[in-house]
Amino acid sequence: MKRQKFFLFMSTFLFTAFILQAQPYGDKRPMSSGPPNMDRCQHWMDDDHDQIPRIPDLTEDQKEKVSNLRTVHLKDMLPLRNKMGELRAELRTLSTATRINMGQINAKIEKIGELHTEMMKKRAGMKQEIRKLL
């Protein structure tokens with residue numbers, strides 16, 4: 001009887017030790033409402049964040065020109081990003097319908113691909129315009 005109690009006590013003790021060892025230590029960072037890596041990415045979401053400082057040794061004139069190019073580029077890209085969101089939502093709707101039409105799904109995927117290609121070309125064009133300024 002003594003032996004059974006001892007065995008029960010030891011197994012419970014070891015089980016508890018293993019469970020506690022598997023738990024992560026307390027996180028010292030304050031809780032945030034965003035995803036776990038939000039604190040690392042927060043600077044990208046700030047309104048005043050500017051990518052120009054990543055280019056070393058720019059004159060004020062170059063900074064202004066790059067900023068203007070970036071503004072024009074963002075204005076051009078906004079409707080394309082919105083259209084991409086719409087196409088992806090439509091694709092999701094088509095993919096989750098009760099009756100799936102692969103022809104429509106494939107056509108939507110083609111449109112998304114064309115739009116993605118157009119967006120990539122605009123990005124590459126902007127990069128080359130910035131290179132011309134430098």
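Look a little higher up for the structure.
In what follows, the accompanying structure is described. Every chain is numbered on its own, with residues counted from 1 as its sequence reads. The model is predicted, so local features are restricted to residues of pLDDT at least 70 and side-chain atom pairs to those at 80 or more, both for listing and for counting; the totals for chains, interfaces and linings are taken over all residues. With hydrogens and water stripped out, all remaining heavy atoms of the structure feed into the side-chain values.

What follows is about the pattern of salt bridges. Here, a salt bridge means any Lys or Arg side-chain nitrogen found within 4 Å of an Asp or Glu carboxyl oxygen. As enumerated under the stated definition, the model contains three salt bridges in all. Notably, a salt bridge pairs K63 with E60, separated by 3.8 Å at the nearest N-O pair. One end of the pair, K63, and the other, E60, are both in helix α3 (residues 60-95), three residues apart, so they sit about a helical turn from each other. The salt bridge involving K108 is made with E90; its shortest N-O contact spans 2.5 Å. Of this pair, K108 sits in helix α4 (residues 102-133) while E90 is found in helix α3, placing the two residues 18 residues apart along the sequence. Put simply, DSSP H or I for four residues or longer makes a helix, DSSP E for two residues or longer makes a strand, and each gets a number counted from the N terminus.

The criterion is simple. A nonpolar core is a set of buried Ala, Val, Leu, Ile, Met, Phe, Trp, Tyr and Cys residues joined through side-chain atoms within 4.5 Å. Between buried and exposed lies partly exposed: a residue is buried under 20% and exposed over 50% of the maximum accessible area for its type, with that area taken using a 1.4 Å probe on protein chains only. Among the nonpolar cores identified, the biggest contains nine residues, and these are M77, L80, M84, L87, L91, I105, I112, L115 and M119. In terms of residue count, the dominant contributor to this core is α3 (five residues).

To obtain each axis, a line is fitted to C-alpha atoms, and for helices this fit is confined to the stretch in contact; angles are then taken between N-to-C directions over 0 to 180 degrees. Running from amino to carboxyl end, α3 crosses α4 at an angle of 170 degrees, the nearest separation of the two axes being 10 Å. In terms of axis orientation, α3 runs roughly antiparallel to α4. Classification convention: Asp, Glu, Lys, Arg as charged; Ala, Val, Leu, Ile, Met, Phe, Trp, Tyr, Cys, Pro as nonpolar; all other residues, Gly among them, as polar. Grouping the constituent residues of the contact of α3 with α4 by class yields 16 nonpolar, five polar and 13 charged. Working definition: roughly parallel below 35 degrees, roughly antiparallel above 145 degrees, roughly perpendicular at 65 to 115 degrees, and oblique for all remaining angles.

Turning next to the environment of G125. Note on placement: G125 falls in helix α4. Of the residues examined, G125 reaches a relative accessible area of 30% and is grouped as partly exposed. On a C-alpha basis, the gap between G125 and H73 in space is 9.5 Å, while along the polypeptide they are 52 residues apart.

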